[in-house]
Amino acid sequence: MVKILHVSDTHIGSGFQHGSINPETGLNTRLEDFVNTLSQCIDRALSEPVDLVLFGGDAFPDATPPPYVQEAFAGQFRRLVDAKIPTVLLVGNHDQHSQGQGGASLCIYRTLGVPGFVVGDRITTHRLETQNGAVQVITLPWLTRSALLTRKETESLSLVDVNKLLIQRLEPVLEAEIRRLDPNVPTILLGHLMADNANLGAERFLAVGKGFTIPLSMLTRPCFDYVALGHIHRHQNLNKSNDPPVVYPGSIERVDFSEEKEDKGFVLVELEKGKVAWEFCPVAARPFRTIEVDVSEIEDPQAAIIKAIEKKPIADAVVRLIYKLRSEQLESIDTPALHQALSSAHTYTIQAELVSQLTRPRLPELGIGTSIDPMEALTTYLDNRTDLKDIASQMLEAAQKLLAAEEDSWLATVEIAEEESKKLVGSKSDRQLRLL
Ligand SMILES: [Mn+2]
């Protein structure tokens, strides 16, 4: 029996706005949190010990992390090298450099010939000899259009058709790998992808260009004993029959408030040919707490807000306080007292929203959490600009195309932007163009 630790979406180096500088180390406390939870995963890999570690992709927020972030990640995975535990590092969308042949941040582990480390940056099968026998791992990194399609093939197609064509191309490639498998060796598909009925978490907001989705039926093949995924931050098993399990371990730390209610951790797998058992193992990730209170109809708003704060366990948590009130109540708010009431939090933000029939409320979708989905931001903006109503759908369509092109080279993006600009210039003022 082979024992495997499956971890994914470490995103080390993100969410710094929810931390503060630790005066003792000079580092952002959120970097320390992410390293701490990753070390809990590695601790477990060593204490079991497992025979193999699978990393599902998205090591950092982007492909060019600063050296101290790169080193924090490497410092943890180095412990697996020392323990001689083979490891597969799969390349996720955040690991790929967007400019042409920029490569992936994780490829350095292959270049350096780190013993026992395999980098999954293309579709291929790796046969790994572990302490407890051989395992086959098919790596399926995040696919961009340019991986399987040429620019010429896609230029006249809609996004939906590009998605379809990409799936058509992927099928025989995957099939060829499957045909080459040794039927007597336990087999894992390790993929960084969005599967058909995956329950979306924060990843929806992290990725700028939305990628394509892979039908679950392509993954639930009898030749796979376990399907190890990365990309979605909420832990879940997509295959109800569990044959094979199709598992996202999720992220190891909360990247933003959209992950507030999710458990964070990794997955331990026990594998034999035709037999698999797995369990989700939670890690002690830092809690996030939202305190939302509407005091607009309340006589003593200050007391009501303090009471709402006291109801939540905020010690050492990342906290956001959102209170709604009428403008004439503003004077009765004692802000220093609110700061005092929140002082046991790790970090906190306070957001006051005015409720009024005369004042347009602030755009609630914007500015909450760490990252904003650009399409939602634009939609919200357009919803609030009735004067742009007649070109709103046109602008959304243009933006969609711009974002979809993000996967291609920056140059291609510029080309499309120029095309769209020309189209818009014909009919609209440049004031609207500047928005795009
Ligand atoms: Mn991803």
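The sections below set out a description of the structure shown in this document.

What counts and how
- Residues numbered from 1 in each chain as written.
- Predicted model: local features only at pLDDT ≥ 70, side-chain atom pairs only at ≥ 80, totals over all residues.
- Heavy atoms only, no water.
- Pairing = 2+ DSSP bridges.
- Helix = DSSP H or I, 4+ residues; strand = E, 2+ residues; numbered from the N terminus.
- Axes fitted to C-alpha atoms, helices over the stretch in contact; angles between N-to-C directions.
- Parallel < 35°, antiparallel > 145°, perpendicular 65-115°, else oblique.
- Left-handed = near helix turned anticlockwise from the far one by under 90°.
- Contact = heavy atoms within 4.5 Å.
- Nonpolar A, V, L, I, M, F, W, Y, C, P; charged D, E, K, R; others polar.
- Donors = N, O, S within 2.8 Å, 3.2 Å for Na, K, Ca; no water.
- Buried < 20%, exposed > 50% of the residue type's maximum accessible area, 1.4 Å probe, protein only.

**Quick look at the sheet that holds strand β1 (residues 2–7)**
The mixed open sheet is built from six strands, whose spatial order is β4-β3-β2-β1-β13-β14. The sheet terminates laterally at β4 (117–120) and β14 (275–282), the two strands that pair on one side only. Strand-to-strand twist in this sheet, taken as the mean axis angle between neighbours without regard to direction, amounts to 20°. Bridge analysis of strand β13 (residues 265–272) against β14 gives eight bridges, and the strand direction is antiparallel. Residue pairing across strands places V269 opposite W278, the latter belonging to β14.

**With respect to the packing of helix α1 (residues 29–47) against helix α2 (residues 67–82)**
Two elements in contact, α1 and α2, have axes whose closest approach is 9 Å; the angle formed by their N-to-C orientations is 10°. Here α1 lies roughly parallel to α2, going by the angle between them. As for the relative orientation of α1 and α2, their crossing is right-handed in sense. The segment α1 lies against α2, with L31, V35, L38, S39, I42, D43, A45 and L46 engaging Y68, V69, A72, F73, Q76, F77, R79 and L80. The residue makeup of the contact of α1 with α2, split by class, is twelve nonpolar, two polar and two charged.

**Some remarks on the coordination of the manganese ion**
Donor atoms from the polypeptide that coordinate the manganese ion comprise D58 (OD), N93 (OD1), H192 (NE2) and H231 (ND1), at 2.0 to 2.2 Å from the metal. In the primary structure, the donors to the manganese ion are separated according to the pattern D-x34-N-x98-H-x38-H. Of this pair, D58 sits in the loop between β2 (52–55) and α2 while N93 sits in the loop between β3 (87–90) and α3 (108–111), and the two are 35 residues apart along the sequence. Exposure remark for N93: the relative accessible area of 15% places this residue in the buried category.

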